[in-house]
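One letter stands for each residue in the lines below.
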Amino acid sequence: MTKGNFIAYYRVSTQRQGQSGLGLDAQRKAIADHLNGASLAGEFTEVESGRKNSRPQLRAALAACRKQKATLVIAKLDRLARNVAFVSALLESKVKFVAVDMPDADTAFLQIAAVFAEWEAKKISERTSLALQQARARGKKLGWSMDTRCHEQAECARMGAAANRDRARQFAANVLPIVRDIRKAGVTTLDGIAGALNARGVATARGGEWYATSVRNLLAHQAAQVAGGSD
């Protein structure tokens, strides 16, 4: 059994399943396997929306670690280490951490990763901007203004609609485990679930607050998927 006091931080994305590399259940299993029977002093789940830099659950997890003198345990660090907001919060907190997928990672690694991530993002932006400027200077048409792309609009619209449906499915797949946890805690009304989601910093698919109607729509979507035999 792993010795120590641990608090788990999970991260799932509302943009697409697997952006974090592991779904919520898989992250829980990875951490449980790593702790080898040791119990957790707390668990915090971040459901990311378009507000990439808003991490209320990470802040809450770090505060709990400081209060309980616990170590933050993360299932998968490789992608999180490239997120400057995450790295900055973790470094500033001075909280000890362990990552299941990168157990040797330390503060020095995070500092290097944060610098590289910021540099990489800047260079990508600069290259993209320069390429577009050069293309316009040559008089090249871009986007849908290109004559050869006019016929693609209808197909792209169809693909866009399909992508929206897929995002809705993935959003539900990521949020429903949180709803199950809330229900297990004894909150069963639609208003109560909405309040609990808002308190946890979980945004709706559109980045807004939860209400009883939006919770009902989420549960109805789940029921329709189950009835249709879809995952």
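Please refer to the structure higher up on the page.
Residues numbered from 1 in each chain as written. Predicted model: local features only at pLDDT ≥ 70, side-chain atom pairs only at ≥ 80, totals over all residues. Heavy atoms only, no water.

What follows is about the overall build of the protein. Check the secondary structure of the protein and you find seven helices and four strands. Shown N-terminal to C-terminal, the secondary structure of the protein runs as helices and strands in the order β-α-β-α-β-α-β-α-α-α-α. Evaluated residue by residue, the protein yields a buried proportion of 35% over its 231 residues. For the protein, the share of sequence-separated contacts (at least 6 apart) that also reach a separation of at least 24 residues comes to 66%. Put simply, the protein shows about 13,500 Å² of open surface, and 53% of that area lies on carbon and sulfur atoms. (Helix = DSSP H or I, 4+ residues; strand = E, 2+ residues; numbered from the N terminus. Buried < 20%, exposed > 50% of the residue type's maximum accessible area, 1.4 Å probe, protein only. Contact = heavy atoms within 4.5 Å. Areas by Shrake-Rupley, 256 points an atom, 1.4 Å probe, with all protein chains shown as cover.)

Attention shifts here to the pattern of salt bridges. Scanning the entire structure with this criterion turns up three salt bridges. Here Lys-29 makes a salt bridge to Asp-33, at a shortest N to O gap of 2.7 Å. On the criterion of helical spacing, the pair formed by Lys-29 and Asp-33 is a turn pair, its members being four residues apart in helix α1 (residues 24-35). Between Glu-126 and Lys-123 there is a salt bridge whose closest N-O contact spans 3.6 Å. Pair noted here: Glu-126 and Lys-123 are both in helix α4 (residues 107-137), with a separation of three residues, about one helical turn. Its relative accessible area of 30% is what places Lys-123 among the partly exposed residues. (Salt bridge = Lys/Arg side-chain N within 4 Å of Asp/Glu carboxyl O.)

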